[in-house]
Amino acid sequence: MTIKPEPAQTAQQLSEFEEKINAEIKIEPFDWMPDAYRQHLIRQISQHAHSEVIGMQPEGNWI
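These numbers come from a predicted model, not from an experiment.

Student: Tell me about the overall build of the protein chain, residues and numbers included.
Tutor: Per the secondary structure count, the protein chain includes two helices and zero strands. When the 63 residues of the protein chain are sorted by exposure, 8% land in the buried category.

Following this line, the structure appears as structure tokens:
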């Protein structure tokens, strides 16, 4: 999956994003979010998927 480069993050976008987070509003995949936040989520999703796959393998207990 290739993430298209975004224009520079503006203070207003960051402020609106922080307000959503603080209000516990759900952030959808196509919503604007800081690049570092998106990359962190992708990493967490990848680790979770890996754990799900390895957990089903018999050698999962040895890893």
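Student: So, unusual backbone geometry: which residues are in play, and what are the values?
Tutor: Within the chain, E24 stands out as a residue other than glycine whose phi angle is a positive 60°. Note on placement: E24 falls in the loop between α1 (11-22) and α2 (35-55). For E24, a relative accessible area of 73% translates into the label exposed.

Student: If you had to explain the packing of aromatic side chains to someone new, which residues and values would you point to?
Tutor: Enumeration over the complete set of coordinates arrives at two aromatic pairs. Seen in terms of ring centroids, F17 and Y37 are 4.9 Å apart; in terms of plane orientation they differ by 75°. Their pairing is edge-to-face. Here F17 is found in helix α1, whereas its partner Y37 is found in helix α2, with 20 residues between them in sequence. Owing to a relative accessible area of 5%, F17 belongs among the buried residues under this scheme. Aromatic rings pair up to connect F17, W32 and Y37 into one cluster.

Student: Describe α1, listing the residues and the values that go with them.
Tutor: With twelve residues, α1 ought to run about 16 Å at 1.5 Å a step, and its terminal C-alpha atoms sit 16 Å apart, in line with that. Among the residues trailing α1, E24 stands out with phi positive, at a value near 60°.

Student: Lay out the pattern of salt bridges in plain terms, naming residues and giving numbers.
Tutor: Any two side chains of opposite charge can pair if their charged atoms end up close together. Counting across every chain of the model gives two salt bridges. In this structure, D31 engages K20 in a salt bridge whose closest nitrogen and oxygen atoms are separated by 4.0 Å. Residue D31 is found in the loop between α1 and α2, and its partner K20 is found in helix α1; the two are separated by eleven residues along the sequence. In this structure D31 comes out as partly exposed when scored by relative accessible area, which is 22%. The salt bridge partner of K26 is E28, with a shortest N-O separation of 4.0 Å. Judged by its relative accessible area of 64%, K26 is exposed. Residue classification places E28 among the partly exposed residues on the basis of a relative accessible area of 36%.

The rules behind the values
Residues numbered from 1 in each chain as written. Predicted model: local features only at pLDDT ≥ 70, side-chain atom pairs only at ≥ 80, totals over all residues. Heavy atoms only, no water. Helix = DSSP H or I, 4+ residues; strand = E, 2+ residues; numbered from the N terminus. Buried < 20%, exposed > 50% of the residue type's maximum accessible area, 1.4 Å probe, protein only. Phe/Tyr/Trp six-rings, centres within 6.5 Å; stacked < 30°, edge-to-face > 60°. Expected span 1.5 Å × (residues − 1). Salt bridge = Lys/Arg side-chain N within 4 Å of Asp/Glu carboxyl O.

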